[in-house]
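Each chain is listed here by its residues.
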Amino acid sequence: MKNLVKPNILKVKKYVPGKPVEEVERELGLKNVVKLASNENCFGPSPLAVAAIRKALRGINRYPDSSSFYLKKKLAASLGLAEDGLVFGNGSDEIICMAIKAFVSDGDEVVIAKPTFLIYEIASSLQNADIKIVPMTQDFKYDLKEMKKAITPRTKMVFIANPDNPTGTYVTKKELDEFLQGLPEKLIIFLDEAYFEFASYSFKDYPNGMDYLASRPGMILARTFSKVYGLAGLRIGYAIANPEAISYMERVREPFNINILAQVGALAALDDKAFLKKTLAHVETEREYLYSAFRKMGLEYVRSATNFMIVNVGRDCKEVFSALLKEGFIVRDMKAWGLDTFIRVTVGTKPENRRFITALKKVLK
Ligand code: PMP
C-alpha cells in the first residue's frame, strides 16, 4: 500500500484525542471517571439545546437543510452580520480544513506557532503545504514578531489561535494591531476564536476578530458551539469572513456537513443566555481556585483566558497522566506538544476541581 498512498500522507501525524470516559472506565474497571481532558463544558449541554433536539428527533429520516437556513439567519442577526458572511462546519475542525482546502495549494507556505492546536499542522500537511513553525516565547505567548519575519511571498496562511490551545494565553488587541500592520494583502490570517466567549468575558484587551474583517479581506475567523454552549458532541462550528472568502469555502463544503440535530441544537443554544452566563462566571471563578491550589503546591502554571490551563508537574507528564487515570481523572499530557512535564486540565465543576486537586497531590507526593 505504501506505494499507492500519496507521499505527503506518510508524513502526517494522526491526531490523538482526549480519552473518552467509557474507555477509561472499561479498561481500568473504574466508575465515576471525570474527564478534564478536552476543554468541554463541565455543566453538560445547553438545556435549551437538549429540549430542541428531543423535538427534532422524529425528523431524522430527512436529509438536513444544506444551507442551515434558520441557524444562519439567527446567528447572522446576533452577530450583526449579513448571512453570506457565515459558513458552518462539522465542528470548527472542519472550518480549518475547509479554509486550507480552499486557499492553500501544494507547496504554499503556512506559518504556525508551537505549541498550538495540532489540526493546523495536520490539515496543512494533508494539503502538502510547506509548514513553518514558530516557537512561542518563554512565557507561552505568540511570538508575533518572529511569525511576521517568517512570512515570505510564498506564505498563503498564518494561523493564530486566540486564545491558544493548549497554552490558554491570548494575543491582545495592541499586539494583533501591530502584527497586522504592513502585512501583505495576499495572505489569509486564520484567527481561531474557539474560546472567544471566555476571553472576551474576562479580558478587556482581548480583541474581537470581527473588528478586522472590513480592513482585511483575507481574514477568516473560526468559532464553535463546542465549548461555552456545551455541544462538542454535536459537531458544529462556523467561519466568519468576507462573503467572497465564504463563497470559496462553500465550494469545498460537503453538502450535508451539518446534521439536523446540530442545526436545531445550535439554534436553541443561541437563546440560552442563562447557560452561557453561568458557564462563563463559573470558569472565571474556578480558574482562580485552580491557580491558587497550584501555587500552594509550588507548581508553575500558565494563566489562561479559556476553560483550561497548563500546569508544570515537574516530572514526566505521561507518568502523571497514567497515575491520575487510576485516580479517576482524565487530563491531557502535553508530550505531543513537546511540553514533557506539563499537563493540561479543563475546568470542571466545583466538586470535580477539588477532588482533582486532592488526586494530583496524592499522585505528586
Ligand atoms: N480550535 C481550537 C483552538 C480548539 O481548541 C478546538 C477544540 N479543541 C477546535 C478549534 C475545534 O473545536 P470543534 O471542532 O469542536 O469546534
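Below you will find a few notes about this structure. Since the model is a prediction, treat every value here as computed from it, not as a measurement. (Residues numbered from 1 in each chain as written. Predicted model: local features only at pLDDT ≥ 70, side-chain atom pairs only at ≥ 80, totals over all residues. Heavy atoms only, no water.)

Let's shift gears to a nonpolar patch on the surface. A contiguous nonpolar surface patch, about 290 Å² in accessible area, is contributed by Val 5, Ile 9, Leu 10 and Leu 126. Summarising the element assignment, Leu 126 is placed in helix α5 (residues 119-126). (Patch = residues over 30% accessible without salt bridge, like charges linked within 9 Å, V, L, I, M, F, W, Y side chains within 5 Å. Areas by Shrake-Rupley, 256 points an atom, 1.4 Å probe, with all protein chains shown as cover. Salt bridge = Lys/Arg side-chain N within 4 Å of Asp/Glu carboxyl O. Helix = DSSP H or I, 4+ residues; strand = E, 2+ residues; numbered from the N terminus.)

Moving on, we get to helix α12 (residues 317-326). Along α12, the residues that are buried comprise Cys 317, Val 320, Phe 321, Leu 324 and Leu 325. Down the axis of α12, the buried side of the element spans an arc of 140°, and every buried residue falls inside it. For α12, the exposed residues lying more than 90 degrees away from the buried face are Glu 319 and Lys 326. Structurally, α12 contributes buried residues whose contacts are with α1 (21-28), β11 (329-330), β12 (332-333), β13 (342-346) and α13 (350-364). (Buried < 20%, exposed > 50% of the residue type's maximum accessible area, 1.4 Å probe, protein only. Arc of directions from axis to C-beta. Contact = heavy atoms within 4.5 Å.)

This brings us to the site of the ligand. Every residue near the ligand is listed here: Gly 91, Ser 92, Asp 93, Phe 117, Asn 165, Asp 192, Ala 194, Tyr 195, Thr 224, Ser 226, Lys 227 and Arg 235. Contact between the ligand and Ser 92: an oxygen atom at 2.7 Å from a main-chain N or O atom of the residue. Between Asp 192 and the ligand, the recorded distance is 2.6 Å, taken from a side-chain N or O atom to a nitrogen atom. Surface burial for the ligand is 93%, taken as the share of its 390 Å² of free accessible area covered by protein chains. (Near = heavy atom within 4 Å. Polar contact = N/O pair within 3.5 Å; in protein donor to acceptor, adjacent residues only side chain to side chain.)

Axis angle and axis distance: for two packed helices, these are the angle between their axes and the distance between the axes, and together they describe the pair. α13 packs onto helix α11 (residues 273-296) with a crossing angle of 15° between their chain directions and a minimal axis gap of 11 Å. It follows from the interaxial angle that α11 and α13 lie roughly parallel. In this structure, the crossing between α11 and α13 has a hand that is right-handed. Seen from α11, the contacting residues are His 282, Glu 286, Tyr 289, Leu 290, Ala 293 and Phe 294; seen from α13, they are Lys 350, Asn 353, Arg 354, Phe 356, Ile 357 and Leu 360. (Axes fitted to C-alpha atoms, helices over the stretch in contact; angles between N-to-C directions. Parallel < 35°, antiparallel > 145°, perpendicular 65-115°, else oblique. Left-handed = near helix turned anticlockwise from the far one by under 90°.)

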